[in-house]
Amino acid sequence: MVWETGVAAFSALLSGMRLIQNKNESTRQESENRKNAIGKVMNAAVATRAYLYDSRELNNQSREIERELSKIWQEAANAIQTYDRHLFDSSRVKSLGWADPGQWEKLNGHAATIKLDEIIRQCEWLRKQQA
């Protein structure tokens, strides 16, 4: 009887430890997903900044690169949607603007939303919150 009680207590302890381990793994995975989402937004911002430099300083514009920027901003929007509504909106607007540069005038009302410096600042803030 004592032995059975000890086994039951040990089993309960193991179950509790597994539950804690699973929760820790889930938390780590969620943290990694969040980190990756922020990274996608940062990558899109850096790629955009590089393209804008080439466009401005080297007079090198490319519809192919603009299409690629649209795609990476949409991927960033999809990734960050769960973690930050502001960055999701910014990324979505950037994607639409690069998909059809003629839309930038219409999207100009979102100027504060789509400024690269603001997007980068928000990413850095989110990273600090996670640390």
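> Describe in detail the overall build of the chain, supporting the description with residues and values.
Within the chain, the secondary structure is distributed over 6 helices and 0 strands. In sequence order, the secondary structure elements of the chain are arranged as α-α-α-α-α-α. Total accessible area on the chain stands at roughly 9000 Å², and carbon and sulfur atoms take up 53% of it.

> Any chance you could break down the nonpolar core for me, citing the residues and the numbers?
Ranked by size, the top nonpolar core spans 20 residues in total, and within it Val 41, Trp 73, Ile 80, Leu 87 and Cys 123 carry the most contacts. Of all the elements in the fold, those that place two or more residues in this core are α1 (2-57), α2 (63-80), α3 (85-99) and α6 (116-130). Discounting residues that sit within four places of it in the chain, Trp 73 has contacts with Val 41, Ala 44, Ala 45, Thr 48, Ser 91, Lys 94, Ser 95, Trp 98, Leu 116 and Ile 119.

> Any chance you could break down the packing of α3 against α6 for me, citing the residues and the numbers?
It is at 11 Å that the axes of α3 and α6 come closest, and there the two elements cross at 145°. Crossing of α3 over α6 shows left-handed handedness. The residues of α6 that touch α3, namely those facing His 86, Leu 87, Ser 90 and Lys 94, are Leu 116, Ile 119, Gln 122, Cys 123 and Leu 126. Residue classes in the contact of α3 with α6 are distributed as 5 nonpolar, 3 polar and 1 charged.

> Account for the packing of aromatic side chains, with residues named and values stated.
A complete count under the given rule lists 1 aromatic pair for this structure. Measuring from centroid to centroid gives 5.5 Å for Tyr 51 and Trp 98, while their planes differ by 85°, and the two rings are edge-to-face. Of this pair, Tyr 51 sits in helix α1 while Trp 98 sits in helix α3; the two residues are 47 residues apart in sequence, bridging distant segments of the chain. Its relative accessible area of 4% is what places Tyr 51 among the buried residues. Judged by its relative accessible area of 6%, Trp 98 is buried.

> Just give me the short version of the confidence of the model for the chain, but keep the residues and values in it.
Looking at the chain, the pLDDT average stands at 85 and 76% of residues meet or exceed 70. α2 holds the highest mean pLDDT among the elements of the chain, 97, whereas helix α5 (residues 111-114) holds the lowest, 58.

> So what's going on with the pattern of salt bridges? Which residues, and what values?
A full pass over the atoms with the stated rule returns 6 salt bridges. Between Arg 49 and Asp 117 there is a salt bridge, with the nearest N and O atoms lying 2.5 Å from each other. Placement of Arg 49 in helix α1 and of Asp 117 in helix α6 is noted, with a sequence separation of 68 residues between them. The class of Asp 117 is partly exposed, set by a relative accessible area of 43%. The partner of Glu 118 in a salt bridge is Arg 121, and the shortest N-O contact between them spans 2.4 Å. With Glu 118 and Arg 121 both in helix α6 and 3 residues apart, the pair spans about one turn of that helix.

Criteria and thresholds
Residues numbered from 1 in each chain as written. Predicted model: local features only at pLDDT ≥ 70, side-chain atom pairs only at ≥ 80, totals over all residues. Heavy atoms only, no water. Helix = DSSP H or I, 4+ residues; strand = E, 2+ residues; numbered from the N terminus. Areas by Shrake-Rupley, 256 points an atom, 1.4 Å probe, with all protein chains shown as cover. Core = buried A, V, L, I, M, F, W, Y, C linked by side-chain atoms within 4.5 Å. Buried < 20%, exposed > 50% of the residue type's maximum accessible area, 1.4 Å probe, protein only. Contact = heavy atoms within 4.5 Å. Axes fitted to C-alpha atoms, helices over the stretch in contact; angles between N-to-C directions. Left-handed = near helix turned anticlockwise from the far one by under 90°. Nonpolar A, V, L, I, M, F, W, Y, C, P; charged D, E, K, R; others polar. Phe/Tyr/Trp six-rings, centres within 6.5 Å; stacked < 30°, edge-to-face > 60°. pLDDT = per-residue confidence, 0-100. Salt bridge = Lys/Arg side-chain N within 4 Å of Asp/Glu carboxyl O.

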